[in-house]
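# Fold and geometry: a report
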Amino acid sequence: MAALKGPPKSPNKARKRVPSQADYEALSQFRYLIRCFMEFSQEAAKAEGLTPRQHQALLAIRGFPGGRPVTIGDLAERLRLRHHTTVELVDRLSDAGLVERVLDPADQRRVLLKLTGRAAGHLAELSAVHLDELSRIEPLLKQVLSRRSE
């Protein structure tokens, strides 16, 4: 899947056109499928002993584009959170033994985030069940998206 470039577009700057009934149905179904996936994801995280936000943070760190090291600023952007909120989240992740802060060897002023082995284990379990769930709903998503392009 291609990474999004930059922040999401403002809804007011979207191309204007008159939606058809099929557009409304496709949008409704798409949002329904997203809600179902998010509910699944939240329950899976809880079953693994994590909060949904902790799971999102671990995934954002592990899945950062190019596998590059992640700063708190990077994580804040990926989670669409304010910097201070992300600092608090990282504090909680660190206290839980899920994330370590390490100094960037190239720039000692930068702090990088690294998953612990425990976090990697949780994330591997969660990622496996999420990939299974995505495989299950993929045909429905494709159907919605193909209807949208008609």
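Predicted model only: the values in this text are computed from it and were never measured.

Positionally, Leu81 belongs in the loop between helix 3 (72-79) and helix 4 (83-95). The exposure class of Leu81 is buried, given its relative accessible area of 17%. Apart from residues no more than four positions distant in its own chain, Leu81 is found in contact with Arg53, Ala76, Thr86 and Leu89.

This part is about the pairing of strand 1 (residues 99-104). If a strand is regular, its side chains alternate between the two faces of the sheet. Pairing of strand 1 with strand 2 (residues 107-115), which is carried by six bridges, proceeds in the antiparallel orientation. Within the sheet, the bridge partner assigned to Val99 lies in strand 2 and is Leu115. The antiparallel pairing of strand 1 with strand 2 creates a hairpin that spans two residues between the two strands.

Moving on: helix 3. Within the sequence span of helix 3, burial applies to Ile72, Leu75, Ala76 and Leu79. Relative to the axis of helix 3, the buried residues are bounded by an arc of 100° and lie together on one face. For helix 3, the elements touching its buried residues are helix 2 (52-62), helix 4, strand 1 and strand 2. With its phi angle positive at about 60°, Arg80 sits one or two positions after the end of helix 3.

Before going further, it helps to spend a moment on the packing of helix 2 against helix 3. Contact pair helix 2 / helix 3: the axes reach a minimum separation of 10 Å and the direction vectors enclose 115°. Where helix 2 crosses over helix 3, the two elements pack in a sense that is right-handed. Packed against helix 2, whose contacting residues are Gln56, Ala57, Ala60 and Ile61, the element helix 3 presents Leu75, Arg78 and Leu79 at the interface. Of the residues that constitute the contact of helix 2 with helix 3, the class distribution is five nonpolar, one polar and one charged.

Turning next to the packing of helix 1 (residues 21-47) against helix 2. For the pair helix 1 and helix 2, the least separation of the axes is 8 Å and the interaxial angle reads 95°. It follows that helix 1 is roughly perpendicular to helix 2 by the angle criterion. Counted together, Met38, Ser41, Gln42, Ala45 and Lys46 of helix 1 and Pro52, His55 and Gln56 of helix 2 form the full contact between these two elements. Looking at side-chain class alone, the contact of helix 1 with helix 2 contains three nonpolar, four polar and one charged residues.

Between side chains of opposite charge, pairing is possible as soon as their charged atoms come close. Under the counting rule described, the total for this entry stands at eight salt bridges. Note that Lys46 is salt-bridged to Glu43, the shortest N-O span being 3.9 Å. Placement of both Lys46 and Glu43 in helix 1 is noted, with a separation of three residues, approximately one turn of the helix. Asp91 serves as the salt-bridge partner of Arg101, at 2.6 Å between the closest nitrogen and oxygen. Of this pair, Arg101 sits in strand 1 while Asp91 sits in helix 4, placing them 10 residues apart in sequence. Judged by relative accessible area, which is 31%, Asp91 ranks as partly exposed.

Let us look at a nonpolar patch on the surface. Where nonpolar side chains cluster on the molecular surface, the patch consists of Phe30, Ile34, Met38 and Leu145 and spans about 320 Å² of accessible area. Inspection of the secondary structure puts Ile34 in helix 1.

Rules used in this analysis
Residues numbered from 1 in each chain as written. Predicted model: local features only at pLDDT ≥ 70, side-chain atom pairs only at ≥ 80, totals over all residues. Heavy atoms only, no water. Helix = DSSP H or I, 4+ residues; strand = E, 2+ residues; numbered from the N terminus. Buried < 20%, exposed > 50% of the residue type's maximum accessible area, 1.4 Å probe, protein only. Contact = heavy atoms within 4.5 Å. Pairing = 2+ DSSP bridges. Arc of directions from axis to C-beta. Axes fitted to C-alpha atoms, helices over the stretch in contact; angles between N-to-C directions. Left-handed = near helix turned anticlockwise from the far one by under 90°. Nonpolar A, V, L, I, M, F, W, Y, C, P; charged D, E, K, R; others polar. Parallel < 35°, antiparallel > 145°, perpendicular 65-115°, else oblique. Salt bridge = Lys/Arg side-chain N within 4 Å of Asp/Glu carboxyl O. Patch = residues over 30% accessible without salt bridge, like charges linked within 9 Å, V, L, I, M, F, W, Y side chains within 5 Å. Areas by Shrake-Rupley, 256 points an atom, 1.4 Å probe, with all protein chains shown as cover.

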